[in-house]
Amino acid sequence: QVQLVESGGRLVQAGGSLRLSCAASGRTFSIYAMGWFRQTPGKEREFVAAISWSGGVTYYADSVKGRFTISRDNAKNTVYLQMNSLEPEDTAVYYCAAKRDSYHIPRSEGGYDYWGQGTQVTVSS
């Protein structure tokens, strides 16, 4: 099993920046792609960004492209989401996800095997 723990969420003003972290533990050698998703009340969880095992391939949702950057440090078993130019529409619970045993990089919720508990990001206008 793999455990994922997100951190870094907080209240921030519009135009500000945050960096979310997701630390993995357990059978981390089985982890390949990792991703970030977000969810607001009453809505489905939506894809934000994903990164390959090597970090060489990344994908972003159109809504965050150019503002968010996903990265990972495999030595620390940690994936990051740098969020700049935050907007009130970015307010959500942000979840980290991990894909095991495959080089495929999913951009849908169903493609991931492990999930963190989420961290709240609130952007005030």
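Values in this document were obtained by computation on a predicted structure and should not be read as measured data.

Q: Please clarify how the overall build of the chain should be interpreted in this entry.
A: Within the chain, the secondary structure is distributed over zero helices and eleven strands. Written out in order from the N terminus, the α and β elements of the chain read β-β-β-β-β-β-β-β-β-β-β. Against the compact-globule benchmark of 14 Å for 125 residues, the chain has a radius of gyration of 13 Å, which places it among compact chains. Oriented by its inertia axes, the alpha-carbon framework of the chain measures out at about 40 × 25 × 25 Å. Put simply, the chain has 125 residues, and 44% of those count as buried. Taking the intrachain contacts of the chain between residues at least 6 apart in sequence as the baseline, contacts between residues at least 24 apart amount to 59%. Total accessible area on the chain stands at roughly 6400 Å², and carbon and sulfur atoms take up 45% of it.

Q: Mind showing me how you'd approach the nonpolar core here?
A: Considering soluble globular proteins, one finds that nonpolar side chains tend to be buried as a cluster. If you look at the biggest cluster of nonpolar residues, it comprises 36 residues, and the most contacted ones within it are L4, M34, W36, L81, M83 and Y94. Elements supplying a minimum of two residues to this core: β1 (2–7), β3 (18–26), β4 (31–39), β5 (46–51), β7 (68–73), β8 (78–83), β9 (92–100) and β11 (119–124). With residues near it in sequence (within four places) discarded, Y94 still touches E6, L20, W36, F37, R38, V48, F68, L81, M83, G118, T119 and V121.

Q: Mind showing me how you'd approach the sheet that holds β1 here?
A: Pairing between the strands of a sheet comes from backbone hydrogen bonds, and it takes one of two forms, parallel or antiparallel. Strands sit in the order β1-β3-β8-β7 across an open sheet of four strands; the sheet is antiparallel. Looking at strand neighbours, the two that pair on one side only are β1 and β7, the edges of this open sheet. This sheet shows a mean twist of 15 degrees between the axes of neighbouring strands, independent of strand direction.

Q: Explain the pattern of salt bridges to me, please; I cannot follow it from the model alone.
A: Oppositely charged side chains may form a pair once their charged atoms are brought near each other. For the coordinates displayed, the defined rule picks out seven salt bridges. Between R38 and E46 there is a salt bridge, with the nearest N and O atoms lying 2.6 Å from each other. On the basis of relative accessible area, R38 is assigned to the buried category, the value being 6%.

Q: So what exactly am I meant to see when it comes to the pairing of β3 here?
A: Across six bridges, β1 lies against β3 in antiparallel orientation. Considered in β3, the bridge of V2 is made with G26.

Q: Looking at this model, I keep getting lost on the packing of aromatic side chains. Mind explaining?
A: By convention here, two paired aromatic rings are described through the distance between centres and the angle between planes. Tallying each qualifying case throughout the model produces five aromatic pairs. When the centroid spacing of 4.7 Å and the interplanar angle of 85 degrees are considered together, the rings of Y32 and Y103 count as edge-to-face. Of this pair, Y32 sits in strand β4 while Y103 sits in the loop between β9 and β10 (114–115), placing them 71 residues apart in sequence. For Y103, a relative accessible area of 67% gives the class exposed. Through pairs of rings, three or more aromatic residues link up here, namely F37, F47, Y112 and W115.

Q: Where do I start with the state of the cysteines in this structure?
A: Each disulfide consists of one covalent bond between the sulfur atoms belonging to two cysteines. Summed over all chains, the structure comprises one disulfide. The partner cysteine of C22 in its disulfide is C96, sulfur to sulfur 2.1 Å. Across the disulfide from C22 to C96, rotation about the S-S bond amounts to roughly -80 degrees, and the bridge is consequently left-handed. Separated by 74 residues along the polypeptide, C22 in strand β3 and C96 in strand β9 bring together distant segments of the chain. Taking the relative accessible area as the measure of exposure, C96 reaches 0% and is therefore buried.

Rules used in this analysis
Residues numbered from 1 in each chain as written. Predicted model: local features only at pLDDT ≥ 70, side-chain atom pairs only at ≥ 80, totals over all residues. Heavy atoms only, no water. Helix = DSSP H or I, 4+ residues; strand = E, 2+ residues; numbered from the N terminus. Rg over C-alpha atoms; globule rule 2.2 N^0.38 Å. Buried < 20%, exposed > 50% of the residue type's maximum accessible area, 1.4 Å probe, protein only. Contact = heavy atoms within 4.5 Å. Areas by Shrake-Rupley, 256 points an atom, 1.4 Å probe, with all protein chains shown as cover. Core = buried A, V, L, I, M, F, W, Y, C linked by side-chain atoms within 4.5 Å. Pairing = 2+ DSSP bridges. Axes fitted to C-alpha atoms, helices over the stretch in contact; angles between N-to-C directions. Salt bridge = Lys/Arg side-chain N within 4 Å of Asp/Glu carboxyl O. Phe/Tyr/Trp six-rings, centres within 6.5 Å; stacked < 30°, edge-to-face > 60°. Disulfide = S-S within 2.5 Å.

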